[in-house]
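These are the residues of each chain, in order.
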Amino acid sequence: MTRLICFGGPGKISHVGLLKTIIGAGLLAALAFGAAERGFASFADVKAVLDAHRNQLPSELKDADEAKWTAWSRQQDKAIRGRLRQGELDSMVNLLLFGTSFTREPRVRIEDITEAAKSGVVRARVDDLVAGLRNPAGNERLIFLNGLLKGIGVNPEAGGPETGVFIYNNLLRVLKEDQSIRQRAAEAVRETQKTGDPASLLDRSSLFRDRGVSLDTSILPDFLIEQTLRDLTQKGVLREGQVARVAVVGPGLDFIDKNQESGYDYYPQQTVQPFAVYDSLVRLGLAKTAAAPDGLSVSVFDISSRVIDHLQRARARAMKDVGYVIQLPRDISRPWSPALVAYWRAFGDHAGAEVAPIRPPEVFQAINSGKGLETRAVQIRPGVVLACQPSDLNIVLERLNLAPADRFDLIIGTNIFVYYDAFEQALALQNAGAMLKPGGLLLTNDRLPELSGGPIRLAGMTTVIYDEHDPTARGAVGWYRKQ
Ligand SMILES: C[S@@+](CC[C@H](N)C(=O)[O-])C[C@H]1O[C@@H](n2cnc3c(N)ncnc32)[C@H](O)[C@@H]1O
């Protein structure tokens with residue numbers, strides 16, 4: 001089955017004059033990129049991956065043929081998308097622990113949960129969250145969760161203990177999962193230390209392969225990508241002006257991050273990565289601005305309708321010449337490397353302009369020994385928002401069938417493949433490869449299983465330090481090159 005994706009949407013034709021004024025000819029050319037077929041990878045496309053993974057295949061794919069692959073891939077697409085709901089419930093738990101928009105209780109770190117339970121803080125937070133869900137009063141996160149809970153048969157407005165019990169049960173589930181993920185992560189770190197090979201930083205052992213798919217995001221992965229692009233430029237792998245078409249797979253939506261240091265809910269939900277990637281590519285001279293004749297266009301792929309709809313709404317506002325504001329809080333008690341601080345300070349200077357940030361709630365003064373949060377905000381230009389075109393696409397199973405000239409110079413996917421097992425990662429790598437130009441790169445912070453002699457292979461990696469005093473505060477990005 002193939003589905004047709006039309007970038008830009010039906011409304012754009014009547015707005016051509018306005019668009020030209022706002023965004024210039026280059027972006028119009030990018031919009032004219034027009035229609036591309038989205039389709040499931042065919043049996044022929046995946047045969048080599050099935051053969052290479054024959055010992056790890058799900059039972060439905062033993063002795064696979066076209067029919068078995070077609071049945072499994074359609075069913076697996078549903079199963080993968082089904083994981084989003086669990087991720088949303090995980091976000092509810094993050095909100096319970098770190099949120100400040102519905103309670104005045106102190107935030108609770110997972111490490112301190114026993115203490116917080118004994119002192120009654122957890123109970124008080126659950127009560128406040130239940131009250132907030134009953135009456136969201138314009139709080140977009142609570143409105144979303146109210147609808148989510150009702151959709152699974154828990155009505156926060158009904159009164160009684162049901163909503164509180166549901167929240168507690170999810171808290172317990174997340175704590176249990178967190179424990180097993182920490183064990184897996186510790187094993188992965190031990191392996192890394194044993195080999196001493198910096199490339200093993202990419203071996204994140206499919207850490208989240210059996211948890212809900214969440215939308216969490218912060219600027220740290222964007223720093224990782226900027227440093228990698230810088231490294232690629234310095235090494236001559238990427239050249240000035242070389243990038244015109246880029247895809248960001250799974251940009252996420254900042255509802256409230258799972259890490260306390262970046263878990264905030266005092267500003268509207270936001271997506272960051274498409275604009276961050278644009279900003280970095282233009283800052284580094286690797287791409288021309290969207291307004292230029294062959295300027296940068298950013299395709300954004302995600303399985304979450306929340307991400308896609310969020311970007312579509314931003315684009316609709318951009319059509320009316322309204323920019324997109326990103327809040328950039330920084331926890332000063334967190335020892336960031338000078339390069340990371342410099343990145344945070346410069347963020348957005350090639351995609352928009354500084355605007356006044358939203359003031360964080362008082363509670364942040366107290367928790368950081370009086371240091372609080374340093375904040376910035378950037379308004380992304382409408383033309384840049386319009387250069388980012390969202391589409392639904394499951395990178396594990398689907399690809400856009402692009403004409404050679406329309407293929408991507410770069411595909412970026414951070415903190416996405418860690419949600420999948422080795423077989424699914426191998427499928428995703430081939431789908432990404434099919435959408436890249438020869439010599440094009442997939443940049444990701446996971447090691448993906450390559451096919452020996454296959455068309456897309458690890459060509460190198462960049463290691464990035466977040467905190468010079470903490471040897472574990474680092475990440476790595478592998479460069480997978482299409483042959
Ligand atoms: C944890 S967030 C990561 C966000 C961002 N890339 C970052 O590093 O901060 C994972 C994102 O990938 C998306 N995603 C997960 N599986 C996907 C798939 N198979 N195809 C496309 N998007 C996917 C999720 O919906 C979400 O937006």
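Above: the structure in question.
The residue numbering used here restarts from 1 in each chain and proceeds along that chain's sequence as written. Given that this is a predicted model, residues contribute local features only at a pLDDT of at least 70 and side-chain atom pairs are listed and counted only at 80 or more, while totals for whole chains, interfaces and linings are drawn from all residues. The side-chain figures draw on all heavy atoms in the structure; neither hydrogens nor water molecules are used.

### Considerations on the overall build of the chain
Right, on to step 1. The helix and strand inventory of the chain stands at 14 helices and 13 strands.
Right, on to step 2. The C-alpha atoms of the chain give a radius of gyration of 22 Å, which matches the 23 Å a tight globule of 483 residues would have.
Right, on to step 3. Overall size of the chain, expressed as C-alpha extent along the three principal axes, is 60 × 55 × 50 Å.
Right, on to step 4. Put simply, of all contacts in the chain between residues at least 6 apart along the chain, 78% involve residues at least 24 apart.
Right, on to step 5. By element, 53% of the accessible surface of the chain is carried by carbon and sulfur atoms, the whole surface being about 19800 Å². The way it works is that DSSP assigns letters per residue, a run of H or I at least four long becomes a helix, a run of E at least two long becomes a strand, and they are numbered from the N terminus. What the globule rule says is 2.2 Å times the number of residues to the power 0.38, and the radius of gyration is computed from C-alpha atoms. Contacts are assigned to residue pairs that have any heavy atoms within 4.5 Å of one another. The method behind every accessible area is Shrake-Rupley, applied with a 1.4 Å probe, and residues are considered shielded solely by the protein chains displayed.

### A closer look at the packing of helix H3 (residues 66-98) against helix H5 (residues 121-134)
Right, on to step 1. Relative orientation of the contacting elements H3 and H5 amounts to 120°, with a least axis distance of 9 Å. Considering the angle they form, H3 stands oblique to H5. When you trace H3 past H5, the crossing you get is right-handed. Contacts from Met92, Leu95, Leu96, Leu97 and Phe98 in H3 reach Arg125, Val126 and Leu129 in H5.
Right, on to step 2. Each residue belonging to the contact of H3 with H5 can be placed in one class, and the counts come to seven nonpolar, no polar and one charged. To define axes, lines are fitted to C-alpha atoms, for helices over the stretch in contact only, and angles between the resulting N-to-C directions are given on a 0 to 180 degree scale. Any angle that is under 35 degrees is reported as roughly parallel, and any over 145 degrees as roughly antiparallel; angles of 65 to 115 degrees are reported as roughly perpendicular and all others as oblique. Two helices cross in a left-handed way if the nearer one is turned anticlockwise from the farther one by less than a right angle. They cross in a right-handed way if the turn is clockwise. In this classification, the charged set is Asp, Glu, Lys and Arg, the nonpolar set is Ala, Val, Leu, Ile, Met, Phe, Trp, Tyr, Cys and Pro, and all remaining amino acids, among them Gly, are polar.

### Quick notes on the site of the ligand
Right, on to step 1. One heavy atom within 4 Å of a molecule or strand is enough for the residue carrying it to be called near that molecule or strand. Around the ligand, 25 residues are found, and the nearest of them are Thr217, Gly250, Asp302, Thr414 and Tyr420.
Right, on to step 2. The definition of a polar contact used here is a pair of N or O atoms within 3.5 Å, where within protein one atom must be able to donate a hydrogen and the other to accept one, and adjacent residues in sequence count solely through side-chain atom pairs. Thr217 is positioned with one of its side-chain polar atoms (N or O) 2.6 Å from an oxygen atom of the ligand.
Right, on to step 3. Taking Asn415, its side chain carries an N or O atom lying 3.0 Å from an oxygen atom of the ligand.
Right, on to step 4. In isolation the ligand exposes 600 Å². Once the protein is present, 99% of that is buried.
Right, on to step 5. Grouping the constituent residues of the shell around the ligand by class yields 13 nonpolar, 10 polar and two charged.

### Here's the deal with H5
Right, on to step 1. The span one expects for a helix is its residue count, reduced by one, times 1.5 Å. Compared with an ideal rise of 1.5 Å per residue, which puts 14 residues at 20 Å, H5 spans 20 Å between its outermost C-alpha atoms and is within 8% of the ideal.
Right, on to step 2. Exposed residues in this analysis have more than 50% of their type's maximum accessible area, buried residues have under 20%, and partly exposed residues fall in between, with area computed by a 1.4 Å probe over protein chains only. Turning to H5, its buried residues number three or more, namely Val121, Val122, Ala124, Arg125, Val126, Leu129, Val130, Gly132 and Leu133.

### What about the pattern of salt bridges?
Right, on to step 1. Every case where a carboxyl oxygen of Asp or Glu lies within 4 Å of a side-chain nitrogen of Lys or Arg is listed as a salt bridge. Under the defined criterion, the tally for this structure stands at 31 salt bridges.
Right, on to step 2. In this structure, the salt-bridge partner of Glu398 is Arg81, at a minimum N-O distance of 3.4 Å. Within this pair, whereas Glu398 is found in strand S9 (residues 398-401), its partner Arg81 is found in helix H3, the two being separated by 317 residues in sequence.
Right, on to step 3. The shortest N-O distance in the salt bridge between Asp216 and Lys258 comes to 3.0 Å. Within this pair, whereas Asp216 is found in the loop between helix H7 (162-195) and helix H8 (220-234), its partner Lys258 is found in the loop between strand S3 (245-249) and helix H9 (273-283), the two being separated by 42 residues in sequence.
Right, on to step 4. On the basis of relative accessibility, which here comes to 17%, the residue Asp216 falls in the buried class.
Right, on to step 5. Overlapping salt bridges bring together Arg38, Asp77, Arg81, Asp392 and Glu398 as one network.

### Considering the side chain of Asp216
Right, on to step 1. At a separation of 3.0 Å, a polar atom in the side chain of Asp216 contacts the side chain of Lys258.
Right, on to step 2. Setting aside its immediate chain neighbours within four residues, Asp216 contacts Ser91, Asn94, Leu253, Ile256, Asp257 and Lys258.

### Describing the sheet that holds strand S6 (residues 352-355)
In a beta sheet, neighbouring strands are held together by backbone hydrogen bonds and run either parallel or antiparallel to one another.
Right, on to step 1. With respect to topology, three strands assemble into an open sheet ordered S5-S7-S6, the strand pairing being antiparallel. Strands with a single pairing partner mark the edges of an open sheet, and in this sheet they are strand S5 (324-331) and S6. Strand-to-strand twist of the sheet, defined as the mean angle between neighbouring strand axes without regard to direction, takes the value 30°.
Right, on to step 2. Where helix H11 (residues 338-346) meets the sheet, it contacts S5 and strand S7 (373-380), and its direction lies at approximately 45° from that of S7. Here, any two strands with at least 2 DSSP bridges between them count as paired.

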